[in-house]
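Breakdown of the fold
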Amino acid sequence: MRLGNSGETDSFMAMSLKYPHLFGGVYRNTRVLVTGHTGFKGSWLCAWLSAMGANVLGFSLNSSTDPNHFQLIAPSHALRSVIGDIRDISALRDAWDDF
């Protein structure tokens, strides 16, 4: 990822640390549930929320591809990942209560 005019290349996490003011810090220390976190959009959402200081719980089915985007970027952000079916309300409730 290219940043600024210096031409330096930084990782996603390094970039996020340079912009801690994103959204006015509203997500810092906030618990967030992301359903579908193993998909392309969900994995990016988890990465951004984690970079902004949120405590993220991801709840989703396993990804259907290998490799997948979630596996590729998961080491770059901290989150609690739970594999489950969103239609199983008791599993979802238990995951949130444990979070």
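Preceding this paragraph is the structure being described.
Not measured: the values here are computed from a predicted model.

Quick look at the packing of aromatic side chains
Within the structure shown, the criterion is met by two aromatic pairs. Considering the side-chain rings of F23 and Y27, the 6.1 Å spacing of their centres and the 85° angle between planes classify their relative orientation as edge-to-face. Here W96 and F99 contribute two aromatic rings whose centre-to-centre distance is 5.5 Å and whose plane-to-plane angle is 45°, an arrangement assigned as tilted. You can call W96 partly exposed: its relative accessible area is 28%. Look at F99 and you get partly exposed, because its relative accessible area is 24%.

A closer look at helix α2 (residues 40-51)
In a regular helix each residue adds 1.5 Å, so twelve residues correspond to 16 Å; α2 covers 17 Å between its end C-alpha atoms and thus fits that length. Of all the positions in α2, only G42, S43, C46, A47, L49, S50 and A51 are classed as buried. Count one or two residues on from α2 and you reach G53, which has phi positive near 95°.

Description of unusual backbone geometry
The residue after D66, namely P67, is reached through a cis peptide bond having omega 5°. Note on placement: P67 falls in the loop between β2 (55-60) and α3 (69-73). Despite not being glycine, N29 shows a phi value in the positive range, around 60°. If you trace the backbone, N29 turns up in the loop between α1 (12-18) and β1 (31-35).

Remarks on the environment of H37
Following the sequence through the fold, H37 ends up in the loop between β1 and α2. For the pair H37 and V56, spaced 19 residues apart in sequence, the C-alpha to C-alpha distance is 9.8 Å. If near-sequence neighbours (up to four positions away) are discounted, H37 is found in contact with G42, S43, C46, G58, F59, S60, F70, L79, S81 and V82. Of the polar contacts made by the side chain of H37, one reaches the backbone nitrogen of F59; its length is 3.1 Å. Reaching out from H37, the side chain makes a polar contact with the side chain of S81 at a distance of 2.7 Å.

Each value, and the rule that gives it
Residues numbered from 1 in each chain as written. Predicted model: local features only at pLDDT ≥ 70, side-chain atom pairs only at ≥ 80, totals over all residues. Heavy atoms only, no water. Phe/Tyr/Trp six-rings, centres within 6.5 Å; stacked < 30°, edge-to-face > 60°. Buried < 20%, exposed > 50% of the residue type's maximum accessible area, 1.4 Å probe, protein only. Helix = DSSP H or I, 4+ residues; strand = E, 2+ residues; numbered from the N terminus. Expected span 1.5 Å × (residues − 1). Contact = heavy atoms within 4.5 Å. Polar contact = N/O pair within 3.5 Å; in protein donor to acceptor, adjacent residues only side chain to side chain.

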